[in-house]
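Residue-level structural notes
What follows is the residue order along each chain.
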Amino acid sequence: MVRIRMKSFGRRHRPFFRICAMDSRSPRDGRAIEELGHYDPMVRNKDARTVLDVNRIRYWLSVGAQPSEKVQVLLNKHGVKKPGPGEPWALPEMKTAPPAAVPAPTEAPAAPPES
């Protein structure tokens, strides 16, 4: 069975985790099938703590991979869910709107020279 779980990196008092798809029989820091993101609990900015490859996580969930409890909490915080039946696992690409055209500043009419 494939599990989506954390692989421990870092050192004492400075944890760092990679989120990986792994065989459930492999050891905690063993060989991963695919790395899907990372989690750094020491980063002060809460938005930057977790980096996820959402499309690949949705793929692994769609083929039956089970997330560990801690990874499930992270997925819930970021709104990553298993795709429904018939729903594609790949999310549509976010198209960025072209920047709004900023009108060029018009030159003010020059004041007539004072004589």
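Placed above this text is the structure.
A word on the pairing of strand β2 (residues 14-23)
Across 10 bridges, strand β1 (residues 2-11) lies against β2 in antiparallel orientation. By the bridge assignment, Met-6 is partnered in β2 with Ile-19. Hairpin geometry of β1 and β2 is characterised by an intervening segment of 2 residues between the two adjacent antiparallel strands and by a positive phi of about 65 degrees at His-13. Pairing of β2 with strand β3 (residues 34-39), which is carried by 5 bridges, proceeds in the antiparallel orientation. Paired with Arg-18 across the two strands is His-38, which belongs to β3.

Quick look at the nonpolar core
Counting residues in each nonpolar core, the largest one holds 15 residues, and the members touching the most others are Ile-4, Ile-19, Ile-57 and Leu-75. Among the elements of the structure, β1, β2, β3, α1 (54-62) and α2 (69-78) are those that each provide at least two residues to this core.

What to know about α2
For α2, every residue scored as buried is listed here: Val-71, Leu-74 and Leu-75. The buried residues of α2 occupy an angular sector of 100 degrees when the element is viewed end-on, so they sit on one face. Opposite the buried face of α2, at more than 90 degrees from it, the exposed residues are Glu-69, Lys-70, Asn-76 and Lys-77. Elements in contact with the buried residues of α2: β1, β2, β3, β4 (50-52), α1 and β5 (66-67). Following α2 by one or two positions, Gly-79 has its phi on the positive side, about 70 degrees.

A look at the sheet that holds β5
Strand order in this open sheet of 5 strands is β4-β3-β2-β1-β5, and the pairing throughout is mixed. Two strands in the sheet have a free side with no partner beyond their single neighbour: β4 and β5. Against the sheet, α1 touches β1, β2, β3, β4 and β5, its axis set at about 125 degrees to β3. The strands that α2 touches are β1, β2, β3, β4 and β5; relative to β1, the one it contacts most, it runs at about 95 degrees.

Side note on the pairing of β3
The pairing of β3 with β4 spans 3 bridges and is classified as antiparallel. Pairing of Gly-37 across the sheet is with Leu-52, part of β4.

Procedures and definitions
- Residues numbered from 1 in each chain as written.
- Predicted model: local features only at pLDDT ≥ 70, side-chain atom pairs only at ≥ 80, totals over all residues.
- Heavy atoms only, no water.
- Pairing = 2+ DSSP bridges.
- Helix = DSSP H or I, 4+ residues; strand = E, 2+ residues; numbered from the N terminus.
- Core = buried A, V, L, I, M, F, W, Y, C linked by side-chain atoms within 4.5 Å.
- Buried < 20%, exposed > 50% of the residue type's maximum accessible area, 1.4 Å probe, protein only.
- Arc of directions from axis to C-beta.
- Contact = heavy atoms within 4.5 Å.
- Axes fitted to C-alpha atoms, helices over the stretch in contact; angles between N-to-C directions.

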